[in-house]
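Notes for the structure review
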Amino acid sequence: MAKAYIFPGQGAQFPGMGKALYEGGGKAEELFERANDILGFRITDIMFEGSAEQLRETRVTQPAIFLHSVILAACEEDFRPDMVAGHSLGEFSALAAAGAVDFEDALRLVSVRACAMQKCCEAVPGGMAAIIGLPDEEVERVCAGVDGIVTAANFNCPGQVVISGENGAVEAACAAAKAAGARRALPLAVGGAFHSPLMEPARVELGEAIAATSFSEPVCPIYQNVNAAAERDPERIKANLLAQLTSPVRWTQSVRAMLEDGADTFIESGPGSVLQGLVKRIAPEGVTLEGRQ
């Protein structure tokens, strides 16, 4: 039996996340408090007692989800993954859990990424939308036919692709997708155009931070968003992490690659169960799904 641990990305947060884990004391409490010191503010106060609106701010959301996910894995006695993957931000969680980068350095990288992406969101307004019921290739064709910047950003599962870009271009692509036969085209409540060219300015800041961080070979392969391929080489992992900012999340392809390499149990570590739902749609038979919250 091959176990694949998967780690969620932005959007999985919820008020009260991680509170029960913290209140259990021990290693979890220690890591949460260390995170408060590293970040320079008590993110635990926002996670445990803050509103949904406060948790949606990118500079808070990303480290909050990272902490919940990684601390869960760190406190699991039998955490022995055969492979790992993370959806967008979750890739940083996967790398930390698999020992490619230590907890403190990974949290600092996530904080740099979140703040750099927040600046991009404020500089150029953008958005994202979920296109339901069209093949991946058709969504890409629709985006290519629209004036302005809009691109396929998340290949989540068959029939569900998220697009990202300038607000007007996203709206036009939604209309074109419906005309092409999409069942639904749903604007998403996100802070900006993630995984699109509008995130390009964040590459400089994040690139410098990644270059200055020590990476090791993970304990198991990580299937990265950019190429949906198993990686263990630290330099390739670093390059893919940076490229991920403006490249699509190839989640469907990543799950299929893990299945081909023997995964039969997918364990989601972090808030929510979104990834379990996506895996079920990608591989409706023959896999076991578990969650750790």
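Quick notes on the rules
Residues numbered from 1 in each chain as written. Predicted model: local features only at pLDDT ≥ 70, side-chain atom pairs only at ≥ 80, totals over all residues. Heavy atoms only, no water. Phe/Tyr/Trp six-rings, centres within 6.5 Å; stacked < 30°, edge-to-face > 60°. Helix = DSSP H or I, 4+ residues; strand = E, 2+ residues; numbered from the N terminus. Buried < 20%, exposed > 50% of the residue type's maximum accessible area, 1.4 Å probe, protein only. Lys NZ or Arg CZ within 6 Å of the ring centre and 35° of its normal. Axes fitted to C-alpha atoms, helices over the stretch in contact; angles between N-to-C directions. Parallel < 35°, antiparallel > 145°, perpendicular 65-115°, else oblique. Left-handed = near helix turned anticlockwise from the far one by under 90°. Contact = heavy atoms within 4.5 Å. Nonpolar A, V, L, I, M, F, W, Y, C, P; charged D, E, K, R; others polar.

On inspection of all chains with the given rule, the structure shows five aromatic pairs. Ring plane angle 70 degrees and centroid distance 4.6 Å describe the contact between Tyr5 and Phe79, whose orientation is recorded as edge-to-face. Of the two residues, Tyr5 sits in strand S1 (residues 2-7) while Phe79 sits in the loop between helix H5 (58-74) and strand S2 (83-86), which places them 74 residues apart along the sequence. In this pair, the class of Tyr5 matches that of Phe79, namely buried. The structure contains a cluster of three or more aromatic residues connected by ring pairs, namely Tyr22, Phe32 and Phe48. The residue whose ring lies beneath Arg59 is Phe41, and the NZ or CZ to ring-centre distance is 5.0 Å.

On to the packing of H5 against helix H6 (residues 90-97). Two numbers describe how H5 lies on H6: the axes approach to 9 Å, and their chain directions differ by 25 degrees. Here H5 is positioned roughly parallel relative to H6, judged by the angle of their axes. Note that H5 runs across H6; the crossing there is right-handed. Here Phe66, Ser69, Val70 and Ala73 of H5 come into contact with H6, specifically with Phe92, Ser93, Ala96 and Ala97. For the contact of H5 with H6, a count of residues per class yields six nonpolar, two polar and no charged.

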